[in-house]
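Now for the letters of each chain:
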Amino acid sequence: MSKKLFYKNPYIKEFTANINHIIEKKEEFHVELNQTAFFPEGGGQPSDKGYIDDIPVSHVYEKDNKIYHVLNRLPSKLENVKCIIDWQTRFDHMQQHLGQHILSSAFEKLHDVQTIGFHLGSEYVTIDIDKQLSKNDIKKVEYFANQIVFNDLPVSAIYPSNDELNKLPLRKKPSVTENIRIVKIDDFDFSPCCGTHPNRTGEVGLIKIRKFENYKGGLRIEFVCGNRALKDYYLKNEITNTISSLLSVKDIEIIEAANKIIEENTKLKKELKDIKEKLLNFEAVDFYKKSSIINDIRIIKYIFEKRNFNEVKTLSNILSNNPKTIVLFGISNTDKAQLIYSRSKDLDKINISEILKSSLNLIDGKGGGSQFAAQGGGKLSNNINAALNHGYNKIIEILKSL
Ligand SMILES: [Zn+2]
């Protein structure tokens, strides 16, 4: 059993140790030391990283009371081996972990809410709580949690006897039955935990809730502490200042300015739509005038180059609103051809969908619609002329037979 230096003093960054045992597994070496300050993953806290004899430690885990350090090559010696903890990562884990204790305790104290899940990720930390709360209630919890930080309360780990344990106001039940380790934040919070924590709440730094969402009937709260909160503040400040400068308003006026822009944008889109419709109506008049007339029926046939599909469809509908009118439109693109056919309601002998389908065969296309209006597209854009002519000839055949 290796001596757990991280419990004796969670601030140890460097130490020397002797190698007790090495297990080779899949071209990696699982090294057991006589003593270690490397925290193995546990209690929601990820494992430490660092170096043993200048060899990177990729993972640390505990199995059968032994702690194993995973290395990709063998150390050069077995005794007095120099070990270095990646302190930046470890201190970050300590900040997030104690921050979680404080936040979970604040939720319980203010709203009688229990924490039922905890995840310490590489970017964000989440806890899952068993009740839904309002945005304002959550804000109060965040404020309260930060006051616990600012009060700089002492944090310690104790190993109480069963009798002592029964008297403690534990926030949650221990998951083990022996050697129960309680992390104590002054008289504020008592929680069974195997993780590493700073000695005072002040070291956690700011606790910032980033967002929350409904989760399994309760809420998932995403937060960051300490240096992660500072990093988050850098980002938020950068975003705020950039938008503020883009919109030429003070930071506190951003939301109002953004709302105004969205409102204006909606209005402009509507205006643009109206203008486009007017233009399409003018264009329709032009097409109508140029249409060929066969048996008193107007036929409009035209191929557009790379034109917006919906625009052409609207134009087709406007035109076929006129009596005795048939519209055969095509759109030619580099890699595809589209066909949009329509006819006025009074030409009930012509099924436009069937005519479209026979045209689509020529461009290897697919599509459909009603007997009044149909559309489709295919890959053979070079054949678009032939496809449209095919449709046109079909119509002439029908008109002649009437
Ligand atoms: Zn903990």
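For clarity, every value in this text was computed on a predicted model and none was experimentally measured.

Structural notes on unusual backbone geometry
Positive phi, close to 65°, is recorded for Asn65, a residue that is not glycine. In this structure, Asn65 sits in the loop between strand E7 (55-63) and strand E8 (66-71). A positive phi is found at Asn295, a non-glycine position, where the angle reads about 50°. The topology assignment puts Asn295 in the loop between strand E17 (292-294) and strand E18 (297-305).

Examining the pattern of salt bridges
Enumeration according to the criterion identifies 19 salt bridges in this entry. Across the pair Glu123 and Lys231 runs a salt bridge whose closest N-O atoms are separated by 4.0 Å. Highlighted residues: Glu123 in the loop between strand E10 (115-120) and strand E11 (125-129) and Lys231 in helix H5 (residues 226-247), separated in sequence by 108 residues. Judged by its relative accessible area of 53%, Lys231 falls in the exposed class. Glu311 is the partner of Lys276 in a salt bridge, and the nearest nitrogen-oxygen pair spans 3.9 Å. Separated by 35 residues along the polypeptide, Lys276 in helix H6 (residues 254-290) and Glu311 in helix H7 (residues 309-320) bring together distant segments of the chain. Accessibility expressed as a relative area gives 41% for Lys276, which makes it partly exposed. Relative accessible area serves as the criterion here: at 21%, Glu311 is assigned to the partly exposed category.

A look at the pairing of strand E15 (residues 207-215)
Consecutive residues of a regular strand have side chains that alternate between opposite faces of the sheet. Bridge analysis of E15 against strand E16 (residues 218-225) gives eight bridges, and the strand direction is antiparallel. Its bridge partner lying in E16, Ile209 is registered against Phe223. Linking two consecutive strands that pair antiparallel, namely E15 and E16, is a turn of two residues; a positive phi of about 45° is found at Lys216 within it.

So, the coordination of the zinc ion
For a metal with four tetrahedral donors the ideal donor-metal-donor angle is 109.5 degrees, whereas six octahedral donors ideally subtend 90 or 180 degrees. Within the protein, the zinc ion binds to His97 (NE2), His101 (NE2), Cys193 (SG) and His197 (NE2); these donor distances fall in the range 2.0 to 2.2 Å. Around the zinc ion sit four donor atoms; with metal-centred angles ranging over 95 to 120°, the donor geometry is tetrahedral. For the zinc ion, the single-chain donor residues occur in sequence as H-x3-H-x91-C-x3-H. You can see His97 sitting in helix H2 (residues 87-111) and its partner His197 sitting in the loop between strand E14 (189-192) and E15, a full 100 residues away along the chain. Like His197, His97 is buried.

Considering the nonpolar core
Counting 29 residues, the largest nonpolar core has Ile102, Leu103, Phe107, Ile129, Ile207, Ile221 and Phe223 as the members making the most contacts within it. Of all the elements in the fold, those that place two or more residues in this core are H2, E11, helix H3 (135-150), strand E13 (182-185), E15 and E16. Beyond its immediate chain neighbours, meaning those up to four positions away, Ile221 contacts Phe107, Val125, Thr126, Ile127, Ile129, Ile138, Ile209, Lys211 and Phe212. Ranked by size, the runner-up nonpolar core spans 22 residues in total, among them Ile326, Ile350, Leu356 and Leu399.

What to know about the UniProt feature "domain: Alanyl-transfer RNA synthetases family profile" (unreviewed entry) in the chain
Feature annotation in UniProt places "domain: Alanyl-transfer RNA synthetases family profile" (unreviewed entry) on residues 1-235, given in this structure's numbering. In this annotation, residues 1-235 is assigned 26% helix and 36% strand; the end-to-end C-alpha distance for the span is 45 Å.

Regarding the side chain of Ser381
Turning to its location among the elements, Ser381 is positioned in the loop between strand E22 (373-378) and helix H9 (384-401). Contacts of Ser381, omitting those with residues within four sequence positions, involve Asn333, Thr334, Lys336 and Ala337.

Observations regarding the domain arrangement of the chain
Quite often, the size of an interface is put as the accessible area lost when its parts meet. Along its sequence, the chain is organised into domain 1 (3-85), domain 2 (91-244) and domain 3 (290-401). Relative to domain 2, the C-alpha centre of domain 1 lies at a distance of 28 Å. Each side of the interface is counted separately: domain 1 has 12 residues, and domain 2 has 14 residues. Between domain 1 and domain 2, a total of about 1,100 Å² is buried, with carbon and sulfur atoms accounting for 56% of that surface. Three residues stand out in domain 1 for area buried against domain 2, namely Tyr7, Tyr11 and Gln45, and they jointly supply 50% of the buried area on that side. The tally of links between domain 1 and domain 2 comes to zero salt bridges.

Let's talk about H7
The end-to-end C-alpha distance of H7, which contains 12 residues, comes to 17 Å, matching closely the 16 Å that a straight helix rising 1.5 Å per residue would cover. Of all the residues in H7, the buried ones are Val312, Leu315, Ser316, Leu319 and Ser320. Each buried residue of H7 lies within a common arc of 125° when the element is viewed along its axis, so the set occupies one face. Buried residues in H7 make contact with H6, E18, strand E19 (325-332) and strand E20 (337-343). By the N-cap criterion, in which a side-chain oxygen at the helix start approaches the backbone nitrogen of a residue two or three places on, H7 is capped by Asn308, the distance to Asn310 being 2.9 Å.

Side note on the sheet that holds E11
The pairing of strands in a sheet comes from backbone hydrogen bonds and takes either a parallel or an antiparallel form. As summarised here, the arrangement of the four strands in space is E10-E11-E16-E15, forming an open sheet in which the pairing is antiparallel. Each edge of the sheet is formed by a strand with only one pairing partner; in this case those strands are E10 and E15. The sheet shows a mean angle of 20° between the axes of neighbouring strands, direction not considered. In the packing of H2 onto the sheet, contacts are made with E10, E11, E15 and E16, and the angle to E16 comes to roughly 140°. Each of E15 and E16 is contacted by H3, which is oriented at about 145° to E15, the strand it contacts most.

Things to note about the packing of helix H8 (residues 352-360) against H9
Following both chains from N to C, one finds H8 and H9 inclined at 140°, their axes separated by 8 Å at the closest point. Between H8 and H9, the angle falls in the class oblique. As H8 runs across H9, the sense of the crossing is right-handed. Every residue of H9 that contacts H8 at Ile355, Ser358 and Ser359 is listed here: Ala387, His390, Gly391, Lys394, Ile395 and Ile398.

Conventions adopted
- Residues numbered from 1 in each chain as written.
- Predicted model: local features only at pLDDT ≥ 70, side-chain atom pairs only at ≥ 80, totals over all residues.
- Heavy atoms only, no water.
- Helix = DSSP H or I, 4+ residues; strand = E, 2+ residues; numbered from the N terminus.
- Salt bridge = Lys/Arg side-chain N within 4 Å of Asp/Glu carboxyl O.
- Buried < 20%, exposed > 50% of the residue type's maximum accessible area, 1.4 Å probe, protein only.
- Pairing = 2+ DSSP bridges.
- Donors = N, O, S within 2.8 Å, 3.2 Å for Na, K, Ca; no water.
- Tetrahedral: all angles 85-135°; square planar, octahedral: opposite > 155°, others 65-115°.
- Core = buried A, V, L, I, M, F, W, Y, C linked by side-chain atoms within 4.5 Å.
- Contact = heavy atoms within 4.5 Å.
- UniProt positions renumbered as here; feature names shortened; annotations may be inferred.
- Domains from an automatic or database assignment.
- Buried area = accessible area lost by both parts, 1.4 Å probe.
- Expected span 1.5 Å × (residues − 1).
- Arc of directions from axis to C-beta.
- Polar contact = N/O pair within 3.5 Å; in protein donor to acceptor, adjacent residues only side chain to side chain.
- Axes fitted to C-alpha atoms, helices over the stretch in contact; angles between N-to-C directions.
- Parallel < 35°, antiparallel > 145°, perpendicular 65-115°, else oblique.
- Left-handed = near helix turned anticlockwise from the far one by under 90°.

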